[in-house]
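The chain contents come next:
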Protein chains: 2
Amino acid sequence: MKHMFNHIAIAGLGLIGGSLARDIRRLGLAATITGFGRSPERLKKALEMGIIDAWHTDYSQGIAQADLIIVGTPVSLITQQILEMLPHVKQGAVITDVGSVKTAIIEQVEPMMPQGVFFIGGHPIAGTENSGFESSVDGLFEHRACVLTPTEKTDPHALKKLENFWKAVGANIVCMDIKTHDMIFAGISHLPHIVAFSLVNALTDMENFEKQILQYSAGGFRDFTRIAASDPVMWRDIALMNKDHILNAIGFFEKSLGSLKQSIADGNTSEIEQFFKKSHDTRRAI
Amino acid sequence: MKHMFNHIAIAGLGLIGGSLARDIRRLGLAATITGFGRSPERLKKALEMGIIDAWHTDYSQGIAQADLIIVGTPVSLITQQILEMLPHVKQGAVITDVGSVKTAIIEQVEPMMPQGVFFIGGHPIAGTENSGFESSVDGLFEHRACVLTPTEKTDPHALKKLENFWKAVGANIVCMDIKTHDMIFAGISHLPHIVAFSLVNALTDMENFEKQILQYSAGGFRDFTRIAASDPVMWRDIALMNKDHILNAIGFFEKSLGSLKQSIADGNTSEIEQFFKKSHDTRRAI
């Protein structure tokens, strides 16, 4: 059987890394899959399940054979993991990541790439409020977008290989530059999470708030608490790593909320209706 | 067959009124169901479907026989509808509503009740982002909370009747005073909607925002746009009718978001993590 890659290495078998290992095995995209991580227990489990063929907790072994290396660790560790593995990586290897912030990673990683080793940033839009290997599933990326962020230094052949890989697991490829990525995701992903966390905290700060009142909430608030159930450490790191774009997005949001607040305080019926109608129409336009 | 009520009238056959008519018929809670509304077309359709037995567009006929009258019109019309029907309502009748704001309605309606006619405010927590008769379904209230807001003037016998009615359609009764109701729902329902509308508008205000980027959004933002798809006119009226509690809730939210924004601007890792962890823990506690 002809595989797309002879050997794929995955560093970090969480939701994304674990789901990718399942798909690579299921679809026969590599002859060999090697897992890297800090937890031997999780790696052993993946080995027993047959979705990886070998595992290591450091890069002195096993990474040297990899043709494609996917870094699926928590976003704050990606840069460090790549720098650690570089001395062991072979010529021609393609390295990618799956972090939801791109500029902070790529600006540090790209200048360190040895000649003939190729790094391309990636961000599959397939996260859920769950995380970890135990949440990994087959087919997580089917019909989901996967953003790739090539730069002017990116090797076109390496990019093609990576695109074919993501297409093989069912993703729709979207290419954009790193700053556009971080600006867009500050708005459509980071800001909604920050707002959801803030809303849940605001309610718990309100006088007379008791947790049992949450049982009365249909729709609206439950969606927010679900979003706010996302991993606090992951979101802390995203907030720090995409700080400027996030602060900018919060600024836009504060302005938007502030104008509505003023219209409500003024009892301005038509302004309030126009405001609500505008977002209603945006939804319909999607 | 012994019915719970001889005659039930429903003013406004929208999502809630229409679903109640379906349940009353299906469960045999009344011998006769009369519908009132502005749209003969909708009322005719309900008649053809057999979920009402008669309909009228004004209260000069049909309301006089009703033992239980449920006002399911848009929230801004409830007070006016009740005042219009009062001259025709019989002694012993129980009137209730389903509006998501209570103080503004009850303070106007309660003092106008004739001797021997009983008003009790109600709020079934069963809304969705859809509205209208075409969205009405069987069993909408099963296992959902229904808040009733008796006052010190409320007749205990009338309250008991109304409680039994809501229990019969499967709801869990929660009684609270009107100000507590409006304070709690400003927080867990009105604020999340206002925040969702504001977030969607903030994004459309951002530079370089193009609607097609919304395709990249997994989870988070899609939930917001779904909430922001709710009826703009209904939310305008809620914002106006529960103004003080909503402005107070927005204030708590702005303070919460502002403190997170400051922590991010300061790059304060532990403050950010604590903030996210707090809402994460609230969710787990529910």
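Residues numbered from 1 in each chain as written. Chains lettered and ligands numbered in written order. Predicted model: local features only at pLDDT ≥ 70, side-chain atom pairs only at ≥ 80, totals over all residues. Heavy atoms only, no water.

## With respect to the overall build of chain A
When you go through chain A residue by residue, the secondary structure sums to ten helices and eight strands. With the C-alpha coordinates of chain A rotated into their principal frame, the extents come out at 70 × 45 × 30 Å. Considering only intrachain contacts with a sequence separation of at least 6, the fraction spanning at least 24 residues in chain A is 72%. Carbon and sulfur atoms form 49% of the exposed surface of chain A, whose accessible area is close to 11,600 Å². One finds the centroid of the 27 positive side-chain charges in chain A at a distance of 4 Å from the centroid of its 31 negative side-chain charges. (Helix = DSSP H or I, 4+ residues; strand = E, 2+ residues; numbered from the N terminus. Contact = heavy atoms within 4.5 Å. Areas by Shrake-Rupley, 256 points an atom, 1.4 Å probe, with all protein chains shown as cover. Lys, Arg positive; Asp, Glu negative; His and termini not counted. Charge placed at Lys NZ, Arg CZ, Asp CG, Glu CD.)

## Concerning the domain arrangement of chain A
Residue and element names in this part refer to chain A. Assigned domains within chain A: domain 1 (5–176) and domain 2 (180–285). A separation of 32 Å is found between the C-alpha centroids of domain 1 and domain 2. Taken together, the contacts link 15 residues of domain 1 with 15 residues of domain 2. When domain 1 packs against domain 2, the two sides together hide about 1,200 Å² of surface, and 67% of this comes from carbon and sulfur. If you look at where domain 1 meets domain 2, you find zero salt bridges. Connecting domain 1 to domain 2 are five residue pairs in polar contact (both at pLDDT 80 or more). Counting residues per element, the ones that place at least two in the side of domain 1 that touches domain 2 are helix 4 (103–109) and strand 7 (145–149). It is helix 4 that contributes the most residues to the side of domain 1 that touches domain 2, three residues altogether. Of the residues contributing to the side of domain 1 that touches domain 2, the split by class is seven nonpolar, six polar and two charged. (Domains from an automatic or database assignment. Buried area = accessible area lost by both parts, 1.4 Å probe. Salt bridge = Lys/Arg side-chain N within 4 Å of Asp/Glu carboxyl O. Polar contact = N/O pair within 3.5 Å; in protein donor to acceptor, adjacent residues only side chain to side chain. Nonpolar A, V, L, I, M, F, W, Y, C, P; charged D, E, K, R; others polar.)

## Describing the interface of chain A and chain B
With 81 residues of chain A at the contact, the number on the chain B side is 82 residues. For the pairing of chain A and chain B, the buried interface totals around 7,900 Å² over both sides, and the portion due to carbon and sulfur atoms is 75%. Linking chain A with chain B are six salt bridges, by the criterion used here. Across the pair Lys261 of chain B and Glu254 of chain A runs a salt bridge, and its minimum N-O distance is 2.7 Å.

## As for the pairing of strand 8 (residues 172–175) of chain B
All names here are of chain B. In terms of strand pairing, strand 7 (residues 145–149) meets strand 8 through four bridges, oriented parallel. Across the sheet, the residue bridging to Ala145 is Asn172, located in strand 8. Between the parallel pair strand 7 and strand 8, the chain is carried across by helix 5 (residues 156–168), and the sense of this crossover is right-handed. (Pairing = 2+ DSSP bridges. Right-handed = clockwise from strand over helix to strand, strands pointing away.)

## Side note on the relation of the copies chain A and chain B
When chain A is fitted to chain B, the best match, at an RMSD of 0.0 Å, comes from turning it 180° and sliding it 0.0 Å along the axis. This pairing of chains is accounted for by a two-fold axis. Considering only C-alpha atoms, the part of chain A nearest the rotation axis is Asp223 of chain A, at 3.3 Å. Interface overlap between copies is the fraction of interface residues in one copy that are interface residues in the other; for chain A against chain B it reaches 100%, indicating a shared surface. (Least-squares fit on C-alpha atoms with pLDDT ≥ 70 in both.)

## Details of the sheet that holds strand 1 (residues 5–11) of chain B
Strand-to-strand pairing in sheets goes through backbone hydrogen bonds, with the strands running parallel or antiparallel. Residue and element names in this part refer to chain B. Strand order across the open sheet formed by eight strands is 3-2-1-4-5-6-7-8, with mixed pairing between neighbours. Sheet topology places strand 3 (54–56) and strand 8 at the edges, where each strand pairs with a single neighbour. Each strand axis lies, on average, 25° off the axis of its neighbour in the sheet, ignoring direction. Sheet topology note: the strand 1/strand 2 (residues 30–36) ladder contains six bridges and is parallel. Residue pairing for strand 2: Ile10 is matched across the bridge by Gly35. (Axes fitted to C-alpha atoms, helices over the stretch in contact; angles between N-to-C directions.)

## Some thoughts on the environment of Ile194 of chain B
By secondary structure assignment, the location of Ile194 of chain B is in helix 6 (residues 178–205). The spacing of Ile194 of chain B and Arg236 of chain B is 42 residues in sequence and 9.9 Å in space, taken between C-alpha atoms. The contacts of Ile194 of chain B, once residues within four sequence positions are left out, are Leu257, Leu260, Ile264 and Phe276 of chain A together with Ile246 and Ile250 of chain B.

## Concerning the state of the cysteines
Scanning the model with the defined rule gives zero disulfides over all chains in all. The thiol of Cys146 of chain A is not disulfide-bonded; the next cysteine sulfur, from Cys175 of chain A, is found 9.0 Å away. (Disulfide = S-S within 2.5 Å.)

## What to know about the sheet that holds strand 1 (residues 5–11) of chain A
Residues and elements named next belong to chain A. On the basis of which strands lie adjacent, the open sheet formed by eight strands has the order 3-2-1-4-5-6-7-8 and mixed pairing. Lying at the two open borders of the sheet, with one neighbouring strand each, are strand 3 (54–56) and strand 8 (172–175). Direction aside, neighbouring strands of the sheet carry axes that sit 25° apart on average. Judged from the four bridges that link them, strand 1 and strand 4 (residues 68–71) form a sheet pairing that is parallel. Bridge assignment links Ile8 to a residue of strand 4, and that residue is Leu68. With respect to the sheet, helix 2 (residues 40–48) is in contact with strand 2 (30–36) and strand 3, its orientation differing from that of strand 3 by roughly 170°. Strands in contact with helix 3 (residues 78–85) are strand 1, strand 4, strand 5 (94–97) and strand 6 (118–124); relative to strand 4, the strand with the most contacts, it is inclined by about 150°.

## Some points on the nonpolar core
Ranked by internal contacts, the top residues of the largest apolar core, which has 124 residues, are Ile95, Phe224 and Phe253 of chain A together with Ile95, Phe224 and Phe253 of chain B. Contact partners of Phe253 of chain B, with chain neighbours within four places excluded, come to Val195, Ser198, Leu199, Ala202, Phe253 and Leu257 of chain A together with Leu191 and Val195 of chain B. (Core = buried A, V, L, I, M, F, W, Y, C linked by side-chain atoms within 4.5 Å. Buried < 20%, exposed > 50% of the residue type's maximum accessible area, 1.4 Å probe, protein only.)

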